[in-house]
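Here are the chains, one letter per residue:
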Amino acid sequence: MADGHDGPKEACGVFGVRDPRQPAAHLTYLGLFALQHRGQESAGIAAGDGTKIMVDKDMGLVSTIFDEHRLRALPGGLAIGHTRYATTGASAWHNAQPVARHAGDLFFALGHNGNLVNTTELAGASDLDADLGSDSDVIAALVARAVTGGADLIGAITDVLPRLRGAYSLVFMDEDRLIGARDPNGFRPLFLGRTDTGGWVLASETPALDVVGAEVIREIDPGELVVIDDEGVHSSQFAPPQRKALCSFEFVYIARPDGKLGGIGVHAARRRMGAALARQAPVDADMVMPIPDSSVPGAQGYAAESGIEYGDGLIKNRYIGRTFIAPTQQLRDNAVRIKFNAIEDNVAGKRLVVVEDSIVRATTLRSTMKLLRNAGAAEIHLRVLSAPYRWSCFYGLDTSDRSKLVAATMTIEQIRDHLGADSLAYLDLDNMLTAITPEPGGFCTACMTGDYPVPIPGLE
Ligand code: SF4
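Cut-offs and rules
Residues numbered from 1 in each chain as written. Predicted model: local features only at pLDDT ≥ 70, side-chain atom pairs only at ≥ 80, totals over all residues. Heavy atoms only, no water. Helix = DSSP H or I, 4+ residues; strand = E, 2+ residues; numbered from the N terminus. Rg over C-alpha atoms; globule rule 2.2 N^0.38 Å. Buried < 20%, exposed > 50% of the residue type's maximum accessible area, 1.4 Å probe, protein only. Contact = heavy atoms within 4.5 Å. Areas by Shrake-Rupley, 256 points an atom, 1.4 Å probe, with all protein chains shown as cover. Pairing = 2+ DSSP bridges. Axes fitted to C-alpha atoms, helices over the stretch in contact; angles between N-to-C directions. Near = heavy atom within 4 Å. Nonpolar A, V, L, I, M, F, W, Y, C, P; charged D, E, K, R; others polar. Parallel < 35°, antiparallel > 145°, perpendicular 65-115°, else oblique. Left-handed = near helix turned anticlockwise from the far one by under 90°. Domains from an automatic or database assignment. Buried area = accessible area lost by both parts, 1.4 Å probe. Salt bridge = Lys/Arg side-chain N within 4 Å of Asp/Glu carboxyl O. Core = buried A, V, L, I, M, F, W, Y, C linked by side-chain atoms within 4.5 Å.

**Q** Any chance you could explain the overall build of the protein here in plain terms?
**A** For the protein, the helix and strand inventory stands at 17 helices and 23 strands. Relative to its length of 460 residues, the protein is compact, with a C-alpha radius of gyration of 22 Å against a globular reference of 23 Å. When its C-alpha atoms are laid out on the principal axes, the protein stretches across 70 × 50 × 45 Å. Expressed as a percentage of its 460 residues, the buried residues of the protein come to 59%. For the protein, contacts bridging at least 24 residues in sequence account for 69% of all contacts bridging at least 6. Summed over its atoms, the accessible surface of the protein is roughly 17,600 Å², and 50% of this surface lies on carbon and sulfur atoms.

Dropping the structure here:
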């Protein structure tokens, strides 16, 4: 979670429910609330009562957009929802999701988590409107065109999905059906759950199923399409699975720690990363502390493995949304103080191991290091739970400008100096992956290795 630093902003969160016995928009609100960490720019819900689909979306957090009044205007037992951080397309209302489209008599809506790498090619080849705002709009436009050309919605989706390249976990709905699909590499997660009233739920992460009282049934497979109607769940493969490439950064910091991915508990994986880091990069110190909150399990793991006391050196203000972009260094330092403050009594005179999940742009982290120094830290040994983030992500995180990635432009020693740490160590990639699971393979590591599971057009 990008709460402690200026890491990559999260991907997006998708949710869908079909439960004729429950108010689906209300369940979707709860699900989106549980997925808020995946995107804080905009959120939306599309809901259907069997005769019509209503869509409500806006800029801002789920809790500020929706209230009882707005949710009651979204009746019915079928809904999809989306929380967004802009990865393609500007951060603007018209790019908020779900995207809704008319195609002849059909009205459908979709929510997308991930990022396509062939959007321009798709739009050009199909001669689509150049004003389409995002890759998700392009998917909707292609599906609508196939429907207008005579296909039914499922036929249209099955026709369009194999032409998409990149990352997509999708939820669709028409007036009667909930539909889910996951790209053939499985970059982004997507889960299927069942409510105790016999309904079905799709969600990016398992805590969003927990919060609506749904049991986790399974993950949607890479290349799988599920159609949920009165008869239940109908599954098919729209494309054969490709090289499995679940985003390893889901484990580093995107996913909630109380969830599971691929059967692996995220909190436990982060603890193992911390323990591996303690073995790989030990240091004499008085206290191990996290940059809260996403680095907490990793710091716990480091402390337990090293035998060094675990403590809190920073307090996070829980009511902060996004850090604004401050024009001067002094304002940036102040902005960090809104988010964090040092606990002087815990820090002064101590040799600290400061555990951070990742370093992407490093600007906020630099200010945070200064906070600790000003609070009297005697030594700061920065330990990072992932390998250096050196390459852009084109699969759903907003790091496409490589020149902004500190590890792409500086050596480790230069980064240490830039951050004002006494020592700096990153977890080796092999150790990081083994800490997630001893089973080899199955993850995307492109931002750390430059090995892109799906080639990026135009990238040498
Ligand atoms: Fe995740 Fe990095 Fe791959 Fe992007 S490039 S999907 S952040 S592992």
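**Q** For this particular structure, what's the right way to read the sheet that holds strand E10 (residues 200–203)?
**A** What links the strands of a sheet is backbone hydrogen bonding, and the strands pair in either a parallel or an antiparallel sense. The seven strands lie next to each other as E3-E2-E4-E1-E10-E9-E11, forming an open sheet whose pairing is antiparallel. This sheet does not close on itself; its edge strands, each paired only once, are strand E3 (53–59) and strand E11 (215–219). Across the sheet, the axes of successive neighbouring strands diverge by a mean angle of 15°, strand direction being ignored. As paired elements, strand E1 (residues 12–18) and strand E4 (residues 78–84) share seven bridges and run antiparallel to each other. From the neighbouring strand, Gly13 faces E4, where its bridge partner is Thr83. Strand contacts of helix H1 (residues 24–34): E1, strand E2 (42–48) and E4, with the helix running at about 25° to E4, the strand carrying the most contacts.

**Q** Is there a simple way to think about the pairing of E3 in this case?
**A** Side-chain direction in a regular strand flips from residue to residue, so the side chains alternate between the two faces of the sheet. Where E2 and E3 come together, seven bridges link them in antiparallel fashion. The residue of E3 that forms the bridge with Ala43 is Asp58. Hairpin connection from E2 to E3: four residues lie between these consecutive antiparallel strands, with Gly50 at a positive phi of about 95°.

**Q** Where do I start with the site of the ligand in this structure?
**A** The environment of the ligand is made up of Arg188, Cys247, Ser248, Phe249, Tyr389, Cys393, Tyr395, Leu397, Cys444, Ala446 and Cys447. Looking at the shell around the ligand residue by residue, the classes come out as nine nonpolar, one polar and one charged.

**Q** Can you walk me through the packing of helix H5 (residues 135–148) against helix H6 (residues 153–160) in this structure?
**A** Relative orientation and spacing of two packed helices are given, respectively, by the angle between their axes and the distance between those axes. Two numbers describe how H5 lies on H6: the axes approach to 8 Å, and their chain directions differ by 130°. Taken together, the axes of H5 and H6 are oblique relative to one another. The hand of the H5/H6 crossing is right-handed. Where H5 abuts H6, its residues Leu142, Val143, Ala146 and Val147 lie against Leu153, Ala156, Ile157, Asp159 and Val160. Looking at side-chain class alone, the contact of H5 with H6 contains eight nonpolar, no polar and one charged residues.

**Q** Explain the domain arrangement of the protein to me, please; I cannot follow it from the model alone.
**A** Many structure descriptions define interface size as the accessible area lost when the parts assemble. When cut into domains, the protein gives domain 1 (13–242) and domain 2 (258–447). Distance between the C-alpha centres of domain 1 and domain 2: 33 Å. Listed by partner, the interface residues are 17 residues for domain 1 and 14 residues for domain 2. Summing both sides of the interface, domain 1 and domain 2 together bury roughly 1,100 Å²; the carbon and sulfur share of this comes to 60%.

**Q** So what exactly am I meant to see when it comes to the pattern of salt bridges here?
**A** Taken as a whole and judged by the stated rule, the model has 22 salt bridges. The residue Asp176 makes a salt bridge to Arg18 at a minimum N-O spacing of 3.3 Å. Here Arg18 lies in strand E1 and Asp176 lies in the loop between strand E7 (169–173) and strand E8 (178–182), a separation of 158 residues in the sequence. Its relative accessible area of 40% is what places Asp176 among the partly exposed residues. Across the pair Arg18 and Asp230 runs a salt bridge, and its minimum N-O distance is 3.0 Å.

**Q** When you look at the sheet that holds strand E17 (residues 287–290) in this model, what are you seeing that I'm missing?
**A** Strand order in the open sheet formed by four strands is E17-E20-E21-E22, with parallel pairing between adjacent strands. One side of each edge strand has no neighbouring strand; the edge strands of this open sheet are E17 and strand E22 (423–426). The average undirected angle you get between the axes of adjacent strands in this sheet is 20°. As judged from the six bridges shared by strand E20 (residues 351–356) and strand E21 (residues 379–384), these two strands associate in the parallel manner.

**Q** Even after reading the chapter, I still don't get the packing of helix H9 (residues 266–280) against helix H16 (residues 429–436), so can you show me in this structure?
**A** As a packed pair, H9 and H16 sit with axes 8 Å apart at the nearest point and diverge in direction by 145°. As for how H9 packs across H16, the hand of that crossing is right-handed. Of the residues in H16, those touching H9 at Ala269, Arg272, Met273, Ala276 and Gln280 are Asn431, Met432, Ala435 and Ile436.

**Q** Teacher, can you tell me more about the nonpolar core here?
**A** Most often, soluble globular proteins have nonpolar side chains that are buried together. Of all hydrophobic cores here, the largest spans 77 residues; its most connected members are Phe15, Ile45, Phe249, Phe251 and Tyr395. Counting residues in each nonpolar core, the second largest holds 33 residues, with Leu116, Leu142, Ala146 and Ala156 among its members.

**Q** Honestly, unusual backbone geometry in this entry has me stumped. Any pointers?
**A** In terms of backbone geometry, most residues other than glycine have negative phi values and most peptide bonds are trans. Cis geometry marks the peptide bond from Gln97 to Pro98, where omega comes out at 10°. Mapping Pro98 onto the fold places it in the loop between E4 and strand E5 (99–103).

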